[in-house]
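Structure at a glance
So the chains spell out like this:
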Amino acid sequence: MQSPQFASPADVAERLSAAGYLTDDAIATTVFLADRLGKPLLVEGPAGVGKTELAKAVAEATGSALIRLQCYEGLDEARALYEWNYKKQLLRIQASGDDASWDDISDDVFAEEFLLSRPLLTAIRREEPTVLLVDETDKADVEVEGLLLEVLSDFQITIPELGTITASRRPIVFLTSNATRELSEALKRRCLYLHLDYPSAEREKAIVLSRVPEIAEQLAGSLVSTVRALRAMELKKSPSISESIDWARTLLALGLDTLDEQAVRTTLGVVLKHASDHDRATTQLKLD
Amino acid sequence: MAAGLVDRQIGFFHALRDAGLQISLAEVLDATRALGVVDLVDREGLRAAYAATVLKRPAHRPAFDALFDLWFPPAVGDPSAREGQASEDEAGEAGDDGAADKDALRARLRDLLLEGDEEALRRFARETVRELGRADTAPGRQAWFSYRVLRGLSPETLMASLLEAVLAGQARGGMAEKVARQTLTDRIRQFQEMVESEVRRRLAEDRGAEALSKTAVSPLAEQVDFLRASRNDMAELRRQVFPLARRLATRLTARRRLGRSGRLDFRRTVRASLATGGVPLVTHHRPHKPHKPELVVLCDVSGSVSGFAHFTLMLAYALSEQFTKVRSFAFIDTVDEVSRFFTPGVDVPQALSRMSAEANLVWLDGHSDYGHSIEEFAARYPDAVGPRTSLLVLGDARNNYRATAVPTLRSLVQRSRHAYWLNPEPQAYWGSGDSATTAYADVIEMVEVRNAVQLEAFVQRLLPT
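Predicted, not measured: the structure shown is a model, and the values here were computed from it.

1. Digging into the overall build of chain B
Helix and strand counts for chain B stand at 19 helices and eight strands. Residues classed as buried in chain B amount to 48% of the 465 residues present. When contacts within chain B are restricted to residue pairs at least 6 apart in sequence, those whose partners lie at least 24 apart make up 73%. Total accessible area computed for chain B in this model is approximately 23000 Å², and 52% of it derives from carbon and sulfur atoms.

See below:
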């Protein structure tokens, strides 16, 4: 077992905040456990609460390389694990001429040189510290989950022609999901689980201040409480943290220093993306 | 690890399993290994460690938190009593000077709510529960009640003075007030939760955590009966409509993709056969064109079942791209088409309130009359139900002993492609009292849909592959 990256949850919190990611107790402890127990961490939550950012911040804080596997419908082994470079193999066979025996060639074309490594294999073979991010796992088909099970429980990949490749150094693995579908119990069982939700008022204010340092503290406070009032309404899409940050940047760019009715009315489009949500917020906040 | 801790953990996991969490042995082992590396003195860290290892569904979070507080209480006994506060005996006879005490406490609560310091608020909750929450039920026995505390302090009534302090002279009635009100409501709710959890802790000390675990957990919103749902439950459910619709739609597309493919795509097959010397080894097919039904919803929106009708209507419109057309009709004792309120992109909760205010649903007395409503529906909208229509009737069929119009319903059902009656009552009550369920069940398939879970299962069956 390799030496862990973090000494304590407090250490996690400190180093992540140095990397620009503000944690709370739950996040810090869970990341610490993922590192200590060597288990993948499944991060679930609504869009825009910083799931992908968390993986990036951990990579930065530990000085690891971030390897990212973006999931989508139709993702398969050839895109996730490895693929043989068919064209190059063909070239090799044609270039060898008549003198080489079949045995030599067949050994030769299934060598390292002709292997195209995809994110999962790359992450497992790396000797240096690595963070593997499997993004939007719920978008992939159910079969991909099966593929992940093998890789994530033993950190090994079997390539029939080359044998089994085992990770010499286990990467820290993050899986993210928007919960558009329920992931299988088997996958959840192998992972630690972290549900990221909209943060508390203080933490959100701190996040806005750290991301948009030029903004006045007063304005950040009233922005955060307005966003929280919006989230309490029954909206189709509640504003996320990234939208709060966008809003702060917008206000700054427009040179507004108070968030009054006029300011909210002109910039509401930054946080609400549905016409009906817009109407609802306008009436409930009494903007007109 | 200490044996005491292991026992504690096993009891905790049993309680979690009783509350509906599925905890496998692998997860128990993970949790135990996690305990070995976290600082056990840090309670929030311990909570996070357990949450990371055994809690795999956000819906279970409230149950998990309540049970964690029971099994791993933040304090034992009276931690603040040591600070020289009123002794136990004095607290028992608080009735004499209770009025003055309460005013002082209310003033402190007001200040704390204004500041929003969570830790101070928690200490205050602990203190007030000790002061106000105890009742001696029998000599030597005592019980703790959160309502005594909350009624004594009635934090909601502080709102006016809190708002005044926050707004400090700004114009009332505007956005600033709305935002401040929201912040304060959040803090008041937080305080109420703190009081409730403190009361549970006190009770658990008296009676043991096991005894309380059963009652401490409220059921998930999606498992609450529509007919018994409180306003909070309904609000929570409404918030889940769009995620639910999205989940259903995703599952549906996945099912369609896996289903049989459509007709042979001749051009692509021949094109692909060129690679294999003109032999069509692999055939290609056109994607299957999904059949989209027309949905007609006929729903009873009278008082008792309106919550169920609203939720189902919201779901129908959230899923409207899965249907060619959605038409909805509401009735109490007469029927009116309400589709006009649900134009695309409309704010659905608002559409529902407009529907109740503007549609003509009452003919005589405003008590449910299924018979008259069905006759009216068939007479006034003869073109609504056709061979491509899926007809949904929503209601409890509590007809106040009036005529049922079964023959008319039968002809409607025969004209439609599918027809279902969704009944929010438990099946055991069907046909009792003034329920006309038995009469209707002869002509239409009656489905019990008591909660959101059952509705989700039904919608999956309704939507075609």
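2. Concerning helix α12 (residues 241-254) of chain A
Residues and elements named next belong to chain A. End to end, α12 covers 20 Å across 14 residues, agreeing with the expected 20 Å (1.5 Å per residue, within 8%). Where α12 is buried, its residues touch α10 (201-211), α11 (217-232) and α13 (261-267). Of the residues flanking the end of α12, it is Gly-255, one or two places downstream, whose phi is positive at about 70 degrees.

3. So, unusual backbone geometry
For Glu-136 of chain A, which is not glycine, the phi dihedral falls at a positive 50 degrees. Along the polypeptide, Glu-136 of chain A turns up in the loop between β5 (130-135) and α8 (142-154). Unusually for a residue other than glycine, Tyr-401 of chain B sits at a positive phi of about 60 degrees. Locating Tyr-401 of chain B in the fold gives a position in the loop between β6 (389-394) and α17 (406-415). Exposure remark for Tyr-401 of chain B: the relative accessible area of 68% places this residue in the exposed category.

4. Some details on the sheet that holds strand β3 (residues 294-300) of chain B
All names here are of chain B. Read from one edge to the other, the open sheet built from six strands follows the order β5-β4-β3-β6-β7-β8, with strand pairing classed as mixed. What marks the edges here is a single partner per strand, and that holds for β5 (335-337) and β8 (445-448). Taken pair by pair, the neighbouring strands of this sheet meet at an average axis angle of 25 degrees, ignoring direction. Sheet analysis places strand β4 (residues 325-331) next to β5, joined by three bridges and oriented antiparallel. Among the inter-strand pairings, Phe-331 is bridged to a residue of β5, identified as Val-335. Against the sheet, helix α19 (residues 452-462) makes contact with β3, β6, β7 (418-423) and β8, and its axis sits at roughly 180 degrees relative to β7, the strand it touches most.

5. Quick notes on the environment of Leu-268 of chain A
Residues and elements named next belong to chain A. Within the fold, Leu-268 resides in the loop between α13 and α14 (275-284). The class of Leu-268 is buried, set by a relative accessible area of 1%. With sequence-adjacent residues up to four places away left out, Leu-268 is seen in contact with Leu-230, His-278, Ala-281, Thr-282 and Leu-287.

6. Observations regarding the interface of chain A and chain B
With 43 residues of chain A in contact, the opposing surface of chain B contributes 42 residues. On the chain A side of the interface with chain B, the three residues burying the most area are Leu-37, Tyr-193 and Glu-234 of chain A, jointly 17% of the side's total. Between chain A and chain B we count three salt bridges in total. Taking the shortest distance from any N to any O, the salt bridge between Asp-186 of chain B and Arg-228 of chain A comes out at 3.9 Å. On inspection of chain A and its partner chain B, the count reaches six residue pairs in polar contact (both at pLDDT 80 or more).

7. Overview of the sheet that holds strand β1 (residues 41-44) of chain A
All names here are of chain A. Taken in spatial order, the five strands make up an open sheet running β2-β5-β8-β1-β9, and their pairing is parallel. What marks the edges here is a single partner per strand, and that holds for β2 (65-70) and β9 (192-195). Taken over all neighbouring pairs, the strand axes of this sheet differ in orientation by 20 degrees on average, direction set aside. Strand direction decides the pairing type here: β2 and β5, joined by six bridges, are parallel. Note that in β5 the partner of Gln-70 across the bridge is Asp-135. Against the sheet, helix α2 (residues 25-37) engages β1, β8 (172-177) and β9, with an angle of about 160 degrees to β9.

8. Things to note about the nonpolar core
One finds Leu-54, Val-58, Phe-174 and Leu-230 of chain A to be the most contacted residues of the largest nonpolar core, which totals 61 residues. Each residue touching Phe-174 of chain A, except ones within four places of it in the same chain, is listed here: Leu-41, Val-43, Leu-54, Ala-55, Val-58, Val-131, Leu-132, Leu-133 and Val-134 of chain A. By size, the runner-up hydrophobic cluster in this structure holds 54 residues, among which are Leu-109, Phe-124, Leu-167 and Leu-203 of chain B.

9. What about a nonpolar patch on the surface?
A cluster of nonpolar side chains, contributed by Leu-264, Phe-266 and Val-270 of chain B, occupies part of the molecular surface with about 300 Å² of accessible area. As for its placement among the helices and strands, Phe-266 of chain B is situated in helix α13 (residues 266-273).

Rules and cut-offs
Residues numbered from 1 in each chain as written. Chains lettered and ligands numbered in written order. Predicted model: local features only at pLDDT ≥ 70, side-chain atom pairs only at ≥ 80, totals over all residues. Heavy atoms only, no water. Helix = DSSP H or I, 4+ residues; strand = E, 2+ residues; numbered from the N terminus. Buried < 20%, exposed > 50% of the residue type's maximum accessible area, 1.4 Å probe, protein only. Contact = heavy atoms within 4.5 Å. Areas by Shrake-Rupley, 256 points an atom, 1.4 Å probe, with all protein chains shown as cover. Expected span 1.5 Å × (residues − 1). Pairing = 2+ DSSP bridges. Axes fitted to C-alpha atoms, helices over the stretch in contact; angles between N-to-C directions. Buried area = accessible area lost by both parts, 1.4 Å probe. Salt bridge = Lys/Arg side-chain N within 4 Å of Asp/Glu carboxyl O. Polar contact = N/O pair within 3.5 Å; in protein donor to acceptor, adjacent residues only side chain to side chain. Core = buried A, V, L, I, M, F, W, Y, C linked by side-chain atoms within 4.5 Å. Patch = residues over 30% accessible without salt bridge, like charges linked within 9 Å, V, L, I, M, F, W, Y side chains within 5 Å.

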